[in-house]
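Survey of secondary and tertiary structure
What follows is the residue order along each chain.
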Amino acid sequence: KHIFLMVYVLWDRKVSGANSFFHPYYEILPQTLRNMPIFWTEEELDGLKGSHLLQQIEDRNEAIAEDYHAICQIAPLSKIC
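A brief report on the enclosed structure follows. Nothing here was measured: the structure is a model prediction, and the numbers come from that model.

Each value, and the rule that gives it
Residues numbered from 1 in each chain as written. Predicted model: local features only at pLDDT ≥ 70, side-chain atom pairs only at ≥ 80, totals over all residues. Heavy atoms only, no water. Salt bridge = Lys/Arg side-chain N within 4 Å of Asp/Glu carboxyl O. Helix = DSSP H or I, 4+ residues; strand = E, 2+ residues; numbered from the N terminus. Phe/Tyr/Trp six-rings, centres within 6.5 Å; stacked < 30°, edge-to-face > 60°. Buried < 20%, exposed > 50% of the residue type's maximum accessible area, 1.4 Å probe, protein only.

Bringing the pattern of salt bridges into the picture now. Side chains that carry opposite charge are capable of pairing whenever their charged atoms lie near each other. As enumerated under the stated definition, the model contains 2 salt bridges in all. Among the ionic pairs, Glu44 bridges to Arg34, the shortest N-O distance being 2.7 Å. Placement of Glu44 in helix 3 (residues 42-45) and of Arg34 in the loop between helix 2 (23-28) and helix 3 is noted, with a sequence separation of 10 residues between them.

Shown next, in the form of structure tokens:
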């Protein structure tokens with residue numbers, strides 16, 4: 001599952017920083033994810049009322065919460081963030 005990739009990326013960025021082989025890739029990642037509906041406010045989501053996207057966003061938020069808890073079981077975030 002992708003959880004192990006997430007843990008690796010967090011660990012690599014913390015431990016290797018600018019010396020990481022993947023540092024150039026990390027540098028081109030977006031600094032914010034505000035354009036993604038899973039991070040929108042309730043007010044912003046109101047524009048999607050009546051759309052099937054609201055359920056998909058809710059499902060994705062639940063999956064993210066599950067991933068977070070799974071990551072914490074593998075490696076406490078204080079050790080990798």
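Having seen it, we continue.
Considering all chains together, one arrives at 5 aromatic pairs under this definition. Taken together, a centroid distance of 5.9 Å and an interplanar angle of 45° make the contact between Tyr8 and Trp11 tilted. Within this pair, Tyr8 and its partner Trp11 are both found in helix 1 (residues 3-15), separated by 3 residues, close to a single helical turn. Between the aromatic rings of Phe21 and Phe22, the centroid separation amounts to 5.1 Å while the plane-to-plane angle is 85°, which identifies the pairing as edge-to-face. Here Phe22 falls in the partly exposed class, since its relative accessible area comes to 35%. An aromatic cluster is present here, built from Tyr8, Trp11, Phe21, Phe22, Tyr25 and Tyr26 joined pairwise through their rings.

The values reported here are purely geometric and, on their own, carry no functional implication.
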